[in-house]
Amino acid sequence: MQATLSPPLRSRSTMEGGGIGSDDVGGDGLQENETEVDERAALLKDRFRLSVISIATAEAKKVNVEIAEPVVACVADLAFKYTEQLAKDVELFSQHAGRKSVKVEDVILSAHRNAHLASLLRSFYQELKGKEPQTERKRKKSSKMDDKTILN
């Protein structure tokens, strides 16, 4: 299972100045791209916050508890910040491994600070692996040179 990070989820520090193509001749292209990225990031943040708020409200109703709006907003902000840090960690782990794409192992490794979460992720991953259809690995075709060495 692999995923690639889209530009809006990358840290702003990697997107601002100093990168390839930062010396834009017209100047407008880079500025338009940054504005588009900022708008998309704001939209994602709003959607995330709304999802967290609805989940928190639903969970509070299940246990007959009322939660003040500032508390729910604080929980949503904390969840977003945690997710941002998690995304940065996962990206760094995949880069450290010399990959451009993120693997499940990177996500599990990023949860090392929270043993309970790490164990949940491991068991979820094992469950997913169990549901995947097992395919037989194809044997590598041997070259003519390998055939000669085997026969001799």
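All values reported here derive from a predicted model rather than from experimental measurement.

Colleague: Teacher, can you tell me more about the pattern of salt bridges here?
Modeller: In a structure, side chains of opposite charge can pair up when their charged atoms sit close to one another. With the rule as written, the count across this model stands at five salt bridges. Here Asp-77 and Arg-49 are joined by a salt bridge, their closest N and O atoms 3.3 Å apart. One end of the pair, Asp-77, is in helix H3 (residues 69–96); the other, Arg-49, is in helix H2 (residues 28–62), with 28 residues separating them in the sequence. For Asp-77, a relative accessible area of 30% translates into the label partly exposed. A salt bridge links Asp-106 to Arg-99; the shortest N-O distance between them is 2.8 Å.

Colleague: Sorry, what's going on with H3 here?
Modeller: Each full turn of the α-helix corresponds to 3.6 residues, which orients residues three or four apart in the same direction. Helix length check: H3 (28 residues) gives 41 Å between terminal C-alpha atoms against 40 Å at 1.5 Å per residue, within 8%. Of the residues making up H3, those classed as buried are Val-72, Ala-76, Phe-80, Asp-89, Val-90, Glu-91 and Ser-94.

Colleague: I would appreciate a short explanation of the packing of aromatic side chains in the present structure.
Modeller: Between two aromatic rings, the relevant description is the distance of the centres plus the angle of the planes. One pass over the structure, following the stated rule, counts one aromatic pair. Their ring planes at 65 degrees and their centres at 5.6 Å tell us that Phe-48 and Phe-80 sit as a pair that is edge-to-face. You can see Phe-48 sitting in helix H2 and its partner Phe-80 sitting in helix H3, a full 32 residues away along the chain.

Colleague: Would you mind going over a nonpolar patch on the surface with me for this structure?
Modeller: Side chains of Val-63, Val-65, Ile-67, Val-71 and Val-75 sit close together on the surface and give an oily, nonpolar patch of about 400 Å² of accessible area. Along the chain, the position of Val-71 falls in helix H3.

Colleague: Can you help me understand the environment of Gln-85 in this one?
Modeller: For Gln-85, the location among the structural elements is in helix H3. Under the relative-accessibility criterion, Gln-85 is labelled partly exposed at 38%. Remark: the alpha-carbon pair of Gln-85 and Ser-110, spanning 25 residues in sequence, is separated by 9.5 Å.

What counts and what doesn't
Counting restarts for each chain: residues are numbered from 1 in the order of the written sequence. For a predicted model such as this one, the threshold for reporting local features is a pLDDT of at least 70, and the threshold for listing and counting side-chain atom pairs is 80 or more; totals across whole chains, interfaces and linings nevertheless cover every residue. To obtain the side-chain values, all non-hydrogen atoms of the structure were used and water was disregarded. The salt bridge definition used is simple: a Lys or Arg side-chain nitrogen within 4 Å of an Asp or Glu carboxyl oxygen. Here a strand is any run of E in DSSP of at least two residues, a helix any run of H or I of at least four, and the numbering for each starts at the N terminus. Each residue is assigned to one of three classes by its accessible area relative to the maximum for its type, calculated with a 1.4 Å probe on protein chains only: buried under 20%, partly exposed between the two thresholds, exposed over 50%. An expected span of 1.5 Å times one less than the residue number is assigned to each helix. Between 30 and 60 degrees the pair is tilted, below 30 it is stacked and above 60 it is edge-to-face, where a pair is any two Phe, Tyr or Trp rings, Trp via its six-membered ring, whose centres lie within 6.5 Å. Patches draw on residues past 30% relative accessible area with no salt bridge. Two like charges within 9 Å are joined, as are two nonpolar side chains (Val, Leu, Ile, Met, Phe, Trp, Tyr) within 5 Å. Accessibility throughout is a Shrake-Rupley quantity obtained with a 1.4 Å probe, and a residue counts as covered only by protein chains that appear here.

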